[in-house]
Amino acid sequence: MEIRVNDNDGLTVFSLKGRLDFTNSSNLKEEIMKSVKEGKKQMILNLSQVDFINSSGLGTLVSILKEVRLARGRMVLTDLASYVQEIFEITQLSHIFEIFPSQSEAVEAFATSPVNVN
Amino acid sequence: MNQVKLSFKAVSGDFDEFYQSVYEMADRLKLSGTERFRFVLCISEAFTNAFVHGNKQDPSKVINVNFRWDESTVQVDIEDEGAGKADQIDLEHATAVAADQTGGRGIGFLKEYADRIKVEPRDEGGLRMSIYWKLGDNIPISGNQASA
């Protein structure tokens, strides 16, 4: 999995590319928690180029979300492929994560409501 | 019936080779889009289960992945060399919904997306998980029948 990180006006955008599963999800958690420790707690995970995710990847995202919220941060997901969106619906994780159709809509949401709305 | 038999050493680095094989099989079956994703997801869940819970990540143990297919059906058997018992996998109560838990969804995906799944002990030791789909309609047809 490739992880690209961009800081922009207090928002950290993680653009993920590839597969999110048992073999690589711990790298993602390390990368995000590093940012949280640096005080960057407002973040967007852009999944537009994630072509595969399984229960291990989902479990890692849940684990990261819990830690981000524990640190009083906010993490949202954007640009999910339709089949990735589907497994968020089936697992009902769509009720736990904030999911936006596009990164620009997520940025707007942070501007209007900087705190977690869930 | 066509058949491809593959074996993978249970180390993390072999997952790339495993995924490549599954995607090649999806291509042979002419799966695309959502069908392709669901097919790979189910096999990935069974493989990860065999690696983590079956072989306990023991690098000396092997996972066998056997594909069998014809014009109307496909069956994938995933075999581990662990000490697990078939009744330790609770197919009946497995669900993909696990609230905010970090685990417990994998078998639920199999129930959701495969037409039938079966878990049985191997004569050589370890477990065999068999996943079945009917081809032609959309893979998969939910509302499957699980058996252990």
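Procedures and definitions
Residues numbered from 1 in each chain as written. Chains lettered and ligands numbered in written order. Predicted model: local features only at pLDDT ≥ 70, side-chain atom pairs only at ≥ 80, totals over all residues. Heavy atoms only, no water. Helix = DSSP H or I, 4+ residues; strand = E, 2+ residues; numbered from the N terminus. Buried < 20%, exposed > 50% of the residue type's maximum accessible area, 1.4 Å probe, protein only. Contact = heavy atoms within 4.5 Å. Areas by Shrake-Rupley, 256 points an atom, 1.4 Å probe, with all protein chains shown as cover. Expected span 1.5 Å × (residues − 1). Arc of directions from axis to C-beta. Axes fitted to C-alpha atoms, helices over the stretch in contact; angles between N-to-C directions. Parallel < 35°, antiparallel > 145°, perpendicular 65-115°, else oblique. Left-handed = near helix turned anticlockwise from the far one by under 90°. Phe/Tyr/Trp six-rings, centres within 6.5 Å; stacked < 30°, edge-to-face > 60°. Salt bridge = Lys/Arg side-chain N within 4 Å of Asp/Glu carboxyl O. Buried area = accessible area lost by both parts, 1.4 Å probe. Polar contact = N/O pair within 3.5 Å; in protein donor to acceptor, adjacent residues only side chain to side chain. pLDDT = per-residue confidence, 0-100.

Quick notes on the overall build of chain B
A tally of helices and strands in chain B yields 3 helices and 6 strands. Counting across all 148 residues of chain B, residues that qualify as buried make up 52%. When contacts within chain B are restricted to residue pairs at least 6 apart in sequence, long-range pairs at least 24 apart make up 64% of them. Roughly 7,000 Å² of accessible area belongs to chain B as shown, and the carbon and sulfur atoms make up 43% of that amount.

Brief notes about helix 1 (residues 25-37) of chain A
Residue and element names in this part refer to chain A. With 13 residues, helix 1 ought to run about 18 Å at 1.5 Å a step, and its terminal C-alpha atoms sit 19 Å apart, in line with that. Listing the buried residues of helix 1 in full gives Ser25, Leu28, Ile32, Met33, Ser35 and Val36. Taken around the axis of helix 1, the buried residues stretch over an arc of 150°, which confines them to a single face. More than 90 degrees from the buried face of helix 1, the exposed residues found are Glu30 and Lys37. At its buried positions, helix 1 is contacted by strand 1 (2-8), strand 2 (11-20), strand 3 (42-53) and helix 2 (55-70).

Points about the packing of helix 1 of chain A against helix 2 of chain A
Residues and elements named next belong to chain A. Between helix 1 and helix 2, the least distance of the axes is 9 Å, while the angle of their chain directions is 15°. Comparing the axis directions of helix 1 and helix 2 gives the class roughly parallel. When the axes of helix 1 and helix 2 are compared, the crossing they make is right-handed. The residues of helix 2 that touch helix 1, namely those facing Ser25, Leu28, Lys29, Ile32, Met33 and Val36, are Ser56, Gly57, Thr60, Leu61, Ser63, Ile64, Glu67 and Val68.

Structural notes on the packing of aromatic side chains
Residue and element names in this part refer to chain B. For the structure shown, the criterion picks out 15 aromatic pairs over all chains. Aromatic side chains Phe18 and Phe47 sit 3.8 Å apart centroid to centroid with 15° between the ring planes, which places their arrangement in the stacked category. Of the two residues, Phe18 is situated in helix 1 (residues 15-28) and Phe47 in helix 2 (residues 33-54); the sequence distance between them amounts to 29 residues. Per residue, the accessibility class of Phe18 equals that of Phe47, and both read buried.

Regarding the pattern of salt bridges
The tally for this structure, following the rule as stated, stands at 15 salt bridges over all chains. When the shortest N-O distance is used, the salt bridge between Glu31 of chain A and Lys34 of chain A registers 3.6 Å. Of this pair, Glu31 of chain A and Lys34 of chain A both sit in helix 1, 3 residues apart, which is roughly one turn of the helix. We note a salt bridge from Arg128 of chain B to Glu120 of chain B, for which the minimum N-O separation is 3.1 Å. Look at Arg128 of chain B and you get buried, because its relative accessible area is 19%.

A closer look at the interface of chain A and chain B
The parts lose accessible area when they come together, and the size of an interface is often stated as this lost area. Facing the 24 residues of chain A at the interface are 29 residues of chain B. Surface buried jointly by chain A and chain B totals about 2,100 Å² across both partners, of which 65% is contributed by carbon and sulfur atoms. Looking at the side of chain A facing chain B, the largest losses of area belong to Phe22, Phe52 and Ile90 of chain A, adding up to 26% of the total buried there. Across the contact surface, chain A and chain B share 2 salt bridges. Applying the counting criterion to the chain A and chain B interface returns 6 residue pairs in polar contact (both at pLDDT 80 or more). Contributing elements (two or more residues each) for the side of chain A that touches chain B: strand 3, helix 2 and helix 3 (82-90) of chain A. Sorting elements by how many residues they give to the side of chain A that touches chain B places helix 2 of chain A first, with 7 residues.

Things to note about helix 3 of chain A
Within the sequence span of helix 3 of chain A, burial applies to Tyr83, Val84, Ile87 and Phe88 of chain A. Relative to the axis of helix 3 of chain A, the buried residues are bounded by an arc of 155° and lie together on one face. Turning to helix 3 of chain A, the residues buried within the fold contact strand 3, helix 2, strand 4 (74-78) and strand 5 (98-100) of chain A together with helix 2 and helix 3 (106-113) of chain B. Just downstream of helix 3 of chain A lies Gln92 of chain A, where phi reads positive at about 65°.

Quick look at the confidence of the model for chain B
Averaged over all residues, the pLDDT of chain B equals 84, while 85% of them reach at least 70. Across residues 140-148 of chain B, confidence stays below pLDDT 50; counting only partners more than four residues off in sequence or on other chains, it has 27 contacts.

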